[in-house]
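A structural walkthrough
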Amino acid sequence: MRLLHTSDWHLGRSFHRVGMLGAQAEFIGHLVSTVREREVDAVVVSGDVYDRAVPPLAAVELFDDALHRLAGLGVPTVMISGNHDSARRLGVGAGLMGRAGIHLRTEPSACGTPVVLSDGHGDVAFYGLPYLEPALVKDEFAVEKAGHGTVLAAAMDRVRADLAARAPGTRSVVLAHAFVTGGEPSDSERDITVGGVAAVPAGVFDGVDYVALGHLHGCQTLTERVRYSGSPLPYSFSEATHRKSMWLVDLAADGAVTAERVDCPVPRALARIRGTLEELLADPALARHTEAWVEATLTDPVRPADPMARLTERFPHTLSLVFDPARTADDPAVSYARRLAGRDDQQIAEDFVTHVRGAGPDPHERAVLRDAFDAVRADDAVREVAR
């Protein structure tokens, strides 16, 4: 069976205030053409279909168009909700859509109930594990401690139990939206840390033939059977080195996996350039970036006059301007943002306690801070679901 694995469309998202809807529509056209031309048997979309819980109308219309075009090809599609999606909204009409071959899996309680498709070698069971917010699903999975690892392990126990009850030789595919250990994140993904832990081990998915992951925006192979497709478009300059693609996966009769990357259309190249303003304006080696979306980091010791206006004369698609003058770490002029770079909320709070009190928090105090951040994030998730 030939699968096309994609994820993280983020329909409705912009790139530094540049609307991406046209590029997203081009990607959908490319996806449909690939399904038709490469004789794909099933499409899997591993979450973050939309960029936010209540997407703009234009994004909903593009999603509707994508579903109609995929259904028109007669190729089944299995899709889960991600941490950016409203699972309840995305799942509206799932029963009716399923009759057209569009299978939406947004309910945590249905993790162990697969979509079963068949080819000449027998059945393939597709299990959809939508993004499992630990605080919201711990009761469903009867786990004592709300954490990504515990709820995913419980969901996979249901998958393996269902698979064990099926005919011998039934192949299996799991769609999951999670941060799996070994994956390389970028700046454009929303933090899903719980209890100080964001990642789960790849071993949690043992026992299935292929795991189609979503959440991280870079295309990655964690094992031959566990892969991220990545987002089809860039959503931050940290993705400047990404090759945006989908996975074309062939699942053999014995469950063996072979995979090929299918490149996605590139709306415009990304470039990150660094130096003083005069260096950036004069360096002939940077001429290749004149048509790229540019993030320019200026290292001038004193902020120059009208830097954006001058940069856009040479690089008309400059979208981001960063000031990073060369200074020592103890220089009082070092910006607050620079001091916070690379620290998560927990670390920032602990640094604040150290600054105010003269000593860092003890283990109990760290746990209190961690629980407070988890509670706030869980409350945000509850409010988003209720919107």
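Everything here concerns the structure above.
Figured I'd write up the structure that's included with this text. Every value quoted in this text rests on a predicted model; they were computed, and no experiment measured them.

Attention now moves to the nonpolar core. By size, the foremost hydrophobic cluster in this structure holds 33 residues, and its most contacted members are Leu129, Leu132, Phe141, Leu152, Val174, Phe205 and Leu213. Sorting the residues of this core by element identifies strand 8 (122–129), helix 6 (148–164), strand 9 (171–177), strand 10 (179–180), strand 12 (210–214) and strand 14 (226–228) as the ones contributing at least two each. When residues of this core are assigned to their parent elements, the largest contribution, 7 residues, is made by helix 6. Beyond its immediate stretch of four places on either side in the chain, valine 174 contacts Tyr127, Leu129, Met156, Val159, Phe205, Val208, Tyr210, Val211 and Ala212. Core analysis: the second largest hydrophobic core is formed by 28 residues, Leu31, Val75, Met246 and Cys264 among them.

Let us now look at the packing of aromatic side chains. Per the counting criterion, the structure on display carries 4 aromatic pairs. Plain terms: the ring middles of phenylalanine 15 and phenylalanine 237 are 5.1 Å apart, the flat faces sit at 55° to each other, and that makes the pair tilted. A residue pair is termed long-range when its members are at least 10 positions apart, and phenylalanine 15 in strand 2 (residues 14–15) and phenylalanine 237 in the loop between strand 14 and strand 15 (245–251) qualify at 222 residues. When sorted by exposure, phenylalanine 15 lands in the same class as phenylalanine 237, which is buried. Ring plane angle 65° and centroid distance 5.3 Å describe the contact between tyrosine 50 and phenylalanine 63, whose orientation is recorded as edge-to-face. Residue tyrosine 50 is located in the loop between strand 4 (42–46) and helix 2 (57–73), and its partner phenylalanine 63 is located in helix 2; the two are separated by 13 residues in the primary sequence. When its relative accessible area of 6% is taken as the criterion, phenylalanine 63 is described as buried. Ring pairs connect the aromatic residues Phe15, Phe237 and Trp293, which therefore count as one cluster. Stacked on the ring of tryptophan 247, the Lys or Arg arginine 227 has its end atom at 4.4 Å from the ring centre.

The next thing to look at is unusual backbone geometry. Even without being a glycine, aspartate 8 presents a positive backbone phi close to 55°. Relative to the assigned elements, aspartate 8 resides in the loop between strand 1 (2–6) and strand 2. Its identity is not glycine, yet arginine 17 carries a phi of approximately 75°, on the positive side. Here arginine 17 shows up in the loop between strand 2 and strand 3 (18–19).

As for its placement among the helices and strands, alanine 269 is situated in the loop between strand 16 (257–263) and strand 17 (270–275). Those residues in contact with alanine 269 that lie beyond four places of it in its chain are Ala292 and Trp293.

Under the criterion given, the structure shown has 1 cavity of 30 Å³ or more. For the largest cavity, the calculated volume is near 60 Å³. Looking at the largest cavity, the residues that line it are Tyr131, Leu132, His148, Val151, Leu152, His177, Ala178, Phe179, Ile192, Ala198 and Val200. Class assignment of the residues belonging to the lining of the largest cavity gives a composition of 9 nonpolar, 2 polar and no charged.

Taking strand neighbours across the sheet as the criterion, the 6 strands line up as 7-8-9-12-14-13 in an open arrangement whose pairing is mixed. Bordering the open sheet on either side are strand 7 (115–119) and strand 13 (220–223), each of which pairs with just one other strand. Mean inter-strand twist for the sheet, computed between neighbouring axes without regard to direction, equals 20°. Examined bridge by bridge, strand 8 and strand 9 share 6 bridges and lie parallel to one another. Among the inter-strand pairings, glycine 128 is bridged to a residue of strand 9, identified as leucine 175.

In a beta sheet, neighbouring strands are held together by backbone hydrogen bonds and run either parallel or antiparallel to one another. Strand order in the open sheet formed by 3 strands is 17-18-19, and the pairing between neighbours is parallel. Pairing within the sheet leaves two strands with one partner each, and these edge strands are strand 17 and strand 19 (318–323). The mean inter-strand angle of the sheet, taken between neighbouring strand axes irrespective of direction, is 15°. Two elements, strand 18 (residues 293–298) and strand 19, share 5 bridges in a ladder whose sense is parallel. Its bridge partner lying in strand 19, threonine 297 is registered against valine 322. Contacts from helix 8 (residues 307–314) reach strand 18 and strand 19 within the one sheet, and its direction differs from that of strand 19 by about 135°.

Parameters at a glance
Residues numbered from 1 in each chain as written. Predicted model: local features only at pLDDT ≥ 70, side-chain atom pairs only at ≥ 80, totals over all residues. Heavy atoms only, no water. Core = buried A, V, L, I, M, F, W, Y, C linked by side-chain atoms within 4.5 Å. Buried < 20%, exposed > 50% of the residue type's maximum accessible area, 1.4 Å probe, protein only. Helix = DSSP H or I, 4+ residues; strand = E, 2+ residues; numbered from the N terminus. Contact = heavy atoms within 4.5 Å. Phe/Tyr/Trp six-rings, centres within 6.5 Å; stacked < 30°, edge-to-face > 60°. Lys NZ or Arg CZ within 6 Å of the ring centre and 35° of its normal. 1 Å grid on protein atoms, 1.4 Å probe; cavity = no way out; pocket = protein on both sides within 12 Å on 5 of 7 lines; lining within 4 Å. Points joined across faces, edges and corners; volume = space filled by probe spheres on them. Nonpolar A, V, L, I, M, F, W, Y, C, P; charged D, E, K, R; others polar. Pairing = 2+ DSSP bridges. Axes fitted to C-alpha atoms, helices over the stretch in contact; angles between N-to-C directions.

This is a description of form; function is not addressed.
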